[in-house]
Amino acid sequence: MRARLREHRHRLGVEAASRYPDLPRLAGTPLLTRPEWTPTRPVPLDELRLTLGDSPPLPQLPGAGYSGLMAELDAPTVFENRPTYRLLNATLTGEPRLDFGPGTYFDHIETGEAAAHEYAAGGPTPLRDAIGDPCDLSRRPANLGVSVLTVRSGPDPTFFLHWRDPARVGHAGGLYQVVPVGVFQATAPGRDHLDFSLWHGILREYAEELLGEPERSDVDYGAWPFAAAMTAAWRAGRLRAHCLGLGVDPLTFATDLLVSVVFDGDVFDELLGDWVGHNEEGSVTERPFTAASVAGLPMQAAGAAVVRLGLDADLR
């Protein structure tokens, strides 16, 4: 059934959206959303307030044990139950804010990935039915993915797409996605004062997914030359980072913050010009920043939404 899910993941995701006719969809894609998750203008990333507290208990759900079976029968290359920041509340209108508590990576596997397997099987869906509205963050644990649309601006702007190798990843294998993308999490226990930052998480993902560097832990962001150069360029306005929305994948319940990072061409070439075509999770391509570049591709819902939002906002 995992093989069936991989083979038909895109079609199943489009179909699963029809299970939620009362929920709005973001940018005409299958990505489910809420009115307070769709800002009327791009929100500068540094205007998004983050809080970290305790996670409330969750209702009992019938997906327990799926991560163990997946590890035994169909484990991807990277499959570890790491601590994460669980999204508890979110608003991107008015005073934009995201509230978090502690969570784990397998929280999503036991709910969202199990619900996707259940849906692919074509029979009863007790887990999906028990969760109900997947945009209700009190009904399930929600790890936050940060999907970043990377644009190299200029007369003919380009952007980057990532094909996610199903043999290497535990989520969204076989689909195209923007790059970089990563789960919002700390690199090690006791580092919330350093790692509880969307920008710092994005920096680590750029190094891994576009530069092909190994995953970093115990990072000193001030002493890391790449992080210091990226941050200096951001502060100088030579790259611009904005939040465009928040949404939930209708098949897997993956919850993604949609972010754009637009680089001046010379800054991109200086900081990321040595980008790699292959990384630990799949392959990367550079394409013209046009709607035609994604037409007909099996895109992850979050990737499709952030590309459309970026094009609508004329990010160049």
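Look a little higher up for the structure.
Residues numbered from 1 in each chain as written. Predicted model: local features only at pLDDT ≥ 70, side-chain atom pairs only at ≥ 80, totals over all residues. Heavy atoms only, no water.

## So, the pairing of strand 5 (residues 144-152)
Summarising burial for strand 5: eight of the nine residues are buried, a large majority. Taken together, the three bridges between strand 5 and strand 8 (residues 181-183) define a ladder with antiparallel strand orientation. For valine 146, the partnering residue across the bridge sits in strand 8 and is glycine 182. Hairpin connection, strand 5 to strand 6 (residues 158-164): the antiparallel pair is bridged by five residues, and glycine 154 has positive phi, about 150°. (Buried < 20%, exposed > 50% of the residue type's maximum accessible area, 1.4 Å probe, protein only. Helix = DSSP H or I, 4+ residues; strand = E, 2+ residues; numbered from the N terminus. Pairing = 2+ DSSP bridges.)

## Topic: the packing of aromatic side chains
Inspection of the entire model under this criterion finds 14 aromatic pairs. Between the aromatic rings of phenylalanine 79 and phenylalanine 106, the centroid separation amounts to 4.7 Å while the plane-to-plane angle is 35°, which identifies the pairing as tilted. Taken together, the positions of phenylalanine 79 in the loop between helix 3 (66-73) and strand 3 (83-91) and phenylalanine 106 in helix 4 (residues 105-121) put the pair 27 residues apart, joining distant regions of the chain. This pair shows no difference in class: phenylalanine 79 is buried, exactly as phenylalanine 106 is. For the pair tyrosine 85 and phenylalanine 196, a centre-to-centre distance of 4.9 Å together with 70° between the ring planes defines the contact as edge-to-face. Of this pair, tyrosine 85 sits in strand 3 while phenylalanine 196 sits in the loop between helix 6 (192-195) and helix 7 (198-210), placing them 111 residues apart in sequence. Put simply, the rings of Phe160, Tyr206, Phe263, Phe268 and Trp275 pair up and form one aromatic cluster. (Phe/Tyr/Trp six-rings, centres within 6.5 Å; stacked < 30°, edge-to-face > 60°.)

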